[in-house]
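# Chains, contacts and geometry: an overview
Now for the letters of each chain:
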Amino acid sequence: TYNESLTLKTSGTVSLPITVKCAAVGACTVNSGNAQTLGTSNHTHYYTFDGLRFISAVVTSQATLYFGQGTVWSKNDKTLGNNGFILRNCYVEGDVKFYGHNNLVENCEFNGKNIWNNGITDWYATSYDNTYRNNFIHGYKVRSIWSMQYTDNILIEGNTIVDGHIDCDGAGHPVTRCNVRNNIIHDAGMGIQIENAFDSTFEGNVIYNVQFGMLIENYGLGPDFYADAEYRNTYSNITVRNNLIYNVTSNGIYVYGAAGGRIVNNTIQYPQTGTGYYGAIALAKYGEYYSRGWEVKNNILSSKNVSFLFTSSSAGLSGFTSDYNLYDGAKFVQRIDSTFTNKTTPQWQSMGLDVHGVFASPLFVN
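Description of the structure in this document.

## Focus on the overall build of the chain
- Scanning the chain for helices and strands turns up one helix and 37 strands.
- Dimensions of the chain, computed from C-alpha atoms along their principal axes, come out at roughly 70 × 40 × 35 Å.
- Looking at the chain as a whole, 56% of its 366 residues are labelled buried.
- Taking the contacts inside the chain whose residues are at least 6 apart along the sequence as the reference set, 67% of them involve residues at least 24 apart.
- Total accessible area computed for the chain in this model is approximately 14300 Å², and 49% of it derives from carbon and sulfur atoms.
- Within the chain, one finds 23 positive and 28 negative side-chain charges whose respective centroids are separated by 1 Å.

## Here's the deal with the state of the cysteines
- Under the defined criterion, the tally for this structure stands at three disulfides.
- Here C168 connects covalently by a disulfide to C178, the sulfurs 2.1 Å from one another. Disulfide C168-C178: the torsion about the S-S bond is -65°, which places it as left-handed. Here C178 lies in strand 20 (residues 175-181) and C168 lies in strand 19 (residues 165-169), a separation of 10 residues in the sequence. Grouping residues by exposure puts C168 and C178 together as buried.
- Taking only the cysteines that form disulfides and numbering them from first to last, the chain has the pattern 1-2, 3-4, 5-6.

## Things to note about the nonpolar core
- Ranked by internal contacts, the top residues of the largest apolar core, which has 67 residues, are L87, F110, I253 and F308.
- When near neighbours in sequence (up to four residues on either side) are disregarded, F110 contacts C90, V92, V96, V105, I120, N135, F136, I137, H138 and Y140.
- In this structure, L215, A282, A284 and L309 belong to the second largest nonpolar core, which totals nine residues.

## Observations regarding unusual backbone geometry
- With a phi angle near 55°, H43 is a residue other than glycine that sits in the positive phi range.
- Mapped onto the secondary structure, H43 falls in the loop between strand 4 (38-40) and strand 5 (47-50).
- Since its relative accessible area comes to 52%, H43 is described here as exposed.
- Positive phi values are uncommon outside glycine, yet N107 reaches one of about 60°.
- Relative to the elements of secondary structure, N107 occurs in the loop between strand 11 (104-106) and strand 12 (109-111).

## Quick notes on the pattern of salt bridges
- The tally for this structure, following the rule as stated, stands at nine salt bridges.
- A salt bridge links R181 to E157; the shortest N-O distance between them is 2.8 Å. You can see R181 sitting in strand 20 and its partner E157 sitting in strand 17 (residues 152-157), a full 24 residues away along the chain.
- Residue E288 pairs with K285 through a salt bridge whose shortest N-O separation is 3.8 Å.
- Given a relative accessible area of 63%, E288 falls into the exposed group.
- Since its relative accessible area comes to 26%, K285 is described here as partly exposed.
- Ionic contacts of the salt-bridge type, sharing partners, join the residues R88, E106 and R133 into one network.

## A word on the environment of L326
- Summarising the element assignment, L326 is placed in strand 34 (residues 326-328).
- C-alpha of L326 to C-alpha of G119: the two residues are 207 residues apart in sequence and 37 Å apart in space.
- In this structure L326 touches N299, I300, L301 and V358, once residues within four positions along its chain are discounted.

About the criteria used
Residues numbered from 1 in each chain as written. Predicted model: local features only at pLDDT ≥ 70, side-chain atom pairs only at ≥ 80, totals over all residues. Heavy atoms only, no water. Helix = DSSP H or I, 4+ residues; strand = E, 2+ residues; numbered from the N terminus. Buried < 20%, exposed > 50% of the residue type's maximum accessible area, 1.4 Å probe, protein only. Contact = heavy atoms within 4.5 Å. Areas by Shrake-Rupley, 256 points an atom, 1.4 Å probe, with all protein chains shown as cover. Lys, Arg positive; Asp, Glu negative; His and termini not counted. Charge placed at Lys NZ, Arg CZ, Asp CG, Glu CD. Disulfide = S-S within 2.5 Å. Core = buried A, V, L, I, M, F, W, Y, C linked by side-chain atoms within 4.5 Å. Salt bridge = Lys/Arg side-chain N within 4 Å of Asp/Glu carboxyl O.

Next up, the structure:
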């Protein structure tokens, strides 16, 4: 056990990283008490930490493990940051922040102890090609994994997450190629939050016991927004496929002012009745911007309330297609202005929607 905080000052290289490895996984502990556990200096790169425990008892703005400390900061410069850090087979009580690229966190446990807000964070343009996989992350009050503004090609894969959620967060400026796949997320406010995330894929995730399964939202300009441009009128090219979402209390997949994506081959179960216009899938309007241009196909939507809600003008929703879905208990709603209109299955199909759909009697299993 090492009872102090550490600062890294020597840098490794791509071919010769500096490796700190415990002879037995979990037998080596760095406990910093009421201080940050591990920080970096400027231009400190290429470290591998394998089998260590990092423990801190204090919440600071610097993070328990801060691999971007001491660097020159820029939102859009990809050449900055501290790069090439690997955390493997670790245990962390606290949080970790990356400001840099080619970082990897795998096979670790992160325990927020209901004290820290966020577990793993990376941010800005120098944070690209980072991977977070096969970790157990629990006890965080807000997010378990947070990729924020300008980041690119982030892979979040195979993690088990309890309490917090995954956030591909381009709220101020978009993130691109945020790929979230094969995670298990449960007992949280939401499963995956997708904010101004372009060219991104969300697939193979299992999400349950949440308010929202996935919340897909784009922002823009105006007094109530803080994005650096208007992103609600640009097609996002998001793909949501092969996910299982169940036991949600608001919506399975809720699209809010985001345009142009695909929702295919998902299974969504919505168990509640009498809960207003919540249900399996909703395409909602954000400000004056509709969630247009979505292709919704080959999903299984099992709902005791609304199967599908979309908001549109009286002329309909531009670019919206829905077909080949299987509905177990079908209730469709179209919202125009503040008026919600229930649609029967024939009325839904008369709008050119799900003309090849399958409509089953309710077979929902609690």
